[in-house]
Structure formats: structure tokens, C-alpha cells
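Structural description and commentary
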Amino acid sequence: MSTATIRNVLRGDGDRFIYVVSALAALNGLLFGFDTGIISGAFLFIQDSFVMSPLVEGIIVSGAMAGAAAGAAVGGQLADRLGRRRLILIAAIVFFVGSFTMAVAPNVPVLVAGRLIDGVAIGFASIVGPLYISEIAPPSIRGGLTSLNQLMVTTGILLSYFVNYAFADAGAWRWMLGAGMVPAVVLAIGILKMPESPRWLFEHGQKDEARAVLERTRSSGVEQELDEIEETVETQSETGVRDLLAPWLRPALVVGLGLAVFQQITGINAVIYYAPTILESTGLGNVASILATVGIGTINVVMTVVAILLVDRVGRRRLLLVGVGGMVATLVVLGTVFYLPGLGGGLGIIATISLMLFVSFFAIGLGPVFWLLISEIYPLSVRGSAMGVVTVANWGANLLVSLTFPVLTDGVGTAATFWLFGLCSLVGLVFVYSYVPETKGRTLEAIEDDLRQNISLAD
């Protein structure tokens, strides 16, 4: 691509601009994934540097989740007040500080502090990435573009696995954790080329700027979309955060909170954070366990691509049903594998295959679709705050799982722990079938209109 062509794309010539902008915003997801995944390999060597109990191990891993919950708690309101673009820049700076702190940590308390700081940035990124893309993307491709954020999350996780593998022979966990500074700098530079969300601009009285952004990201229908946004803003001018509990918004809140909790208590991040530790328990060595997680991370990325290709064709709801159903089956198998230690040398291979299948089903369902749906089903005036509430619940459940996983496996065993995750997945499958709506191909304003008219989301 020539320099002139690149300049044209960044100016907004053609439909390519929306893909460029979405890709830049999705760098939030890359950092989100990298900083959540990097601890999995680093932790094997951190254990050699510090003496820790299972509880302290859980605190180190879950420190980022506590920070993420805090970041999500304020991130939604910051996104509504400061704008989506500014919050992305703040997240990049906080990512850098957290990674640096972990890399130089002389003891466990400083390491936990670094994880907390890093987690705050993850909390920001988990809200603002899908929020920004969903508001700037055309309805016809909104699902795929918003799911691009989740693709970058999985890519970041895979990248972290490669970084872990690169430093595994030397056991250089400080270099592993410090590597997060690099993508943070890339994100901070990339944000300089991104416009603000047109919906946020319109809501804050910048109608001409909103029109200009839409003209750069739409091939047609700009005035019609502006009229829909204006009508929505006028209708919801009196809407506030307290109105999340109003009867007309309650169905959307139930869907968001339910998916937020089920995405975590089905055990995905126990696998992401502890995969090398899980595989090492089957007899694989440190380096071999980290290498096996590279395969798991690759499957995660590939299946997320599949989800992106399908989400605007087959719909959100159907992908969720298939994905959660598959997770139930693979967790039953995974628990059985660890219940039968007599499988000997084949245990590690079967466990790895089971983990890959589990991650595959997550990657086509709960992984991308949760973040997509919560960016679609809330009114504009409280969208950032509503996503903040839901994301706090998500990170709270994540914190619970990551903190208790070492204690559970030590107390009731690995097999029973995975069966417990399987039971949670089964309940989640019933929840998806009963309550989760289909939003494929609909404008954000049309979805909100259904809520206001008390039309069931699940219809």
C-alpha cells in the first residue's frame, strides 16, 4: 500500500476507514488479552522467586481482576464524561505503568500492586473498546467489527504465550511481565489517528463533528442515522444511571449481568491463567506446558475469527447456544480426564485436547458475543455506565474464580473443580435459551425503542 493510499484511508476515503479505526480501537483488546495471559507462564517462575501459599498464589493472579473491577466501576462513567477516545489513551498510560511496576517488583506486595494497576487499565479497556467500536460501526457489520475487539483479546493472549515461551528457558518472568509496555506505547500512538464516537459527540452538543465522523465511516444514510440519534437523545434526555433499575431497562440489565457472571464461572479464565500449571500437573515440564498453551492460544484466535465471520450471519443467540452447549460437554470430559490418573503418559495429551475444545467453544460463543451484546442493548445516555456495572460484575466473577481456583483444586481436586464449572455452564445454557435476545442487523436506536415499548428482548 502506497503512502498516498494510506493517507487517503486515514482521511476517510472509502469504507476502509471504518476497518482502520476499528482495528486501532481493538488494540485495547490486545493489551487486555496480553496482560491477562502473560501471568500464566510467568507464574511458573514467580513461584521459584517467592515463597507462597495457595492463597497468596491466588492473590497474585487475581490482583489484576480486582483492579479490573475497580477500573470498570469508574470506566463507564469516565467514558460518558471524558469521551471514548480519551479513556483509551488513559488506559494505555495505566497499562504502561502497571507493566513497569510488575517488571521491577522486589517482593510480593509490589508485584500485587503492579497487578492491581494493570488491572485498572484492563477494566478501562474491557469497557471502552467494544463500546467505541459499536457506536462508530455501521449496523450491517457492527457484530463483526465489535467482535474484532475479542479477536484482539485472544491475539493478545496468544502473543503473551509466545513471549512466555521465548523467556521460559531463562525463567525471566520480569521480562515477561515488562513486555506489556510495548503494546501500551503502540496503543497510545494509535489513538492519535482515531475520531471520537459520533453518538458521544452528538449527545454532548457537537452535531457537526458527529456528522463529519459518520460521513467518514458510512457510504450512505448519514442524515437518517443522525435523525435517529437525535430522536434517541431527545427521548432519553432525562435518563440517568438510576434508571438502570427502571422496569423498561430491567430486562437488558438482567441479560447483561447474567452473561457477565456466566462468562466467568464457567471457568474460562481459570484455564487462561492456570493452563501451564494445569498441564504441568499431568507430568509435562515447565517449557512443554508453556508450549502446549501456545497451541491452546492459537485455537482461541482461530475460533474467534470463525465467530466474527458468523456473528452477523447466523446471529448472536445461536452462537451462544452452540458455544455454551459445547463447553458443558468438554468440561465433563476434562473433569473425567483428571479423575482417571491411571491414563499415565496420555493424560497430558488428552487434557490438552480437552482444553483446546473447551476454549474453542468459548471462543465462538461467550467470548465475543457477551462483549458485543452489552455494547448493543443499553440506551445511549447510560451505555457507558451500564457497561461499567455489567463489566464490574464480570470482573468480580473473574476475581472469584481466579482467586479460588488454586484453593478449590487443592481442596476438592481438579476433577471436581472442572465438573463444578460444567454445572455452571449448564445453568448458563438454560439462561441463554430463556433470556438472551437476537440483535443481528438492527440499529442501536431500534433496540432501545423495543425496550422503551416494553417489547421483550428475547422475542
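Residues numbered from 1 in each chain as written. Predicted model: local features only at pLDDT ≥ 70, side-chain atom pairs only at ≥ 80, totals over all residues. Heavy atoms only, no water.

1. Comments concerning the overall build of the protein
Quick note on the threshold: Only runs of H or I of at least four residues qualify as helices and only runs of E of at least two qualify as strands under DSSP, and these elements are numbered from the N terminus. When a residue's accessible area, from a 1.4 Å probe over protein chains only, is under 20% of the maximum for its type it is buried; when over 50% it is exposed; and in between it is partly exposed. Residues are treated as being in contact if the distance between any of their heavy atoms lies within 4.5 Å. The Shrake-Rupley method, run with a 1.4 Å probe, gives the accessible areas here. Residue values count only the displayed protein chains as cover.
In terms of regular secondary structure, the protein is built from 21 helices and zero strands. In the protein, which comprises 459 residues, the share counted as buried stands at 58%. Counting only contacts in the protein whose residues sit at least 6 apart along the sequence, the fraction spanning at least 24 positions is 82%. For the protein, the exposed surface amounts to about 16,800 Å²; the carbon and sulfur share of it is 66%.

2. Side note on the side chain of Asp-118
Definition in use: The convention is simple: Lys and Arg are positive, Asp and Glu are negative, and His and the chain ends are not counted. Whenever a carboxyl oxygen of Asp or Glu lies within 4 Å of a side-chain nitrogen of Lys or Arg, that contact is scored as a salt bridge.
If you trace the backbone, Asp-118 turns up in helix α6 (residues 108-136). It turns out Asp-118 is buried and unbridged, and the closest side chain with the opposite charge, Arg-115, is 4.9 Å from it. Excluding its chain neighbours within four sequence positions, the residues that come into contact with Asp-118 are Asp-35, Phe-95, Gly-98, Ser-99 and Met-102.

3. Focus: a nonpolar patch on the surface
In plain terms, the rule: Distance thresholds for patches are 9 Å for like charges and 5 Å for nonpolar side chains (Val, Leu, Ile, Met, Phe, Trp, Tyr), applied to residues having over 30% relative accessible area and no salt bridge.
A cluster of nonpolar residues, Leu-89, Ile-93, Phe-96, Val-97, Phe-100, Val-104, Val-185 and Ile-189, forms a patch on the protein surface that exposes about 680 Å² of accessible area. When residues of the nonpolar patch are traced back to their parent elements, those giving at least two are α5 (84-103) and α9 (181-190). Ranked by the residues each element gives to the nonpolar patch, the list is headed by α5, at five residues. Structurally, Val-97 is set in helix α5.

4. A word on the pattern of salt bridges
Counted according to the given criterion, the structure contains five salt bridges. Salt-bridge contacts for Arg-84 lead to Asp-80; the nearest nitrogen and oxygen are separated by 3.0 Å. You'll find Arg-84 and Asp-80 in the same group, each marked buried. Arg-316 is the partner of Asp-312 in a salt bridge, and the nearest nitrogen-oxygen pair spans 3.0 Å. Under the relative-accessibility criterion, Asp-312 is labelled partly exposed at 21%.

5. Structural notes on helix α19 (residues 383-411)
To be explicit about the condition: Given the number of residues in a helix, its expected span is that number minus one, multiplied by 1.5 Å. To get the bend at a given residue, fit one axis to the seven residues ending there, fit another to the seven starting there, and take the angle between those axes.
Between the first and last C-alpha of α19 there are 41 Å, a value that for 29 residues agrees with the 42 Å anticipated at 1.5 Å per step. For α19, the principal kink sits at Thr-404 and spans about 45°; a proline, Pro-406, occurs within the next four residues. Phi turns positive one or two residues past the end of α19, at Gly-413, with a value near 100°.

6. Let's talk about the nonpolar core
Put simply, the rule is: Nonpolar cores are built from buried Ala, Val, Leu, Ile, Met, Phe, Trp, Tyr and Cys residues. Side-chain atoms within 4.5 Å join them into one set. Domain boundaries shown here were taken from an automatic or database domain assignment.
Counting 111 residues, the largest nonpolar core has Tyr-132, Leu-259, Leu-320, Trp-395, Phe-418 and Val-436 as the members making the most contacts within it. Taken together, domain 1 (10-194) and domain 2 (240-458) each give at least three residues to this core, which thus spans both. Here Tyr-132 is in contact with Val-21, Ala-25, Arg-84, Ile-88, Met-194, Pro-195, Glu-196 and Ser-197, once residues within four sequence places are set aside. Judged by nonpolar contacts, the second largest core, of 24 residues, contains Leu-44, Phe-50, Met-102 and Val-112.

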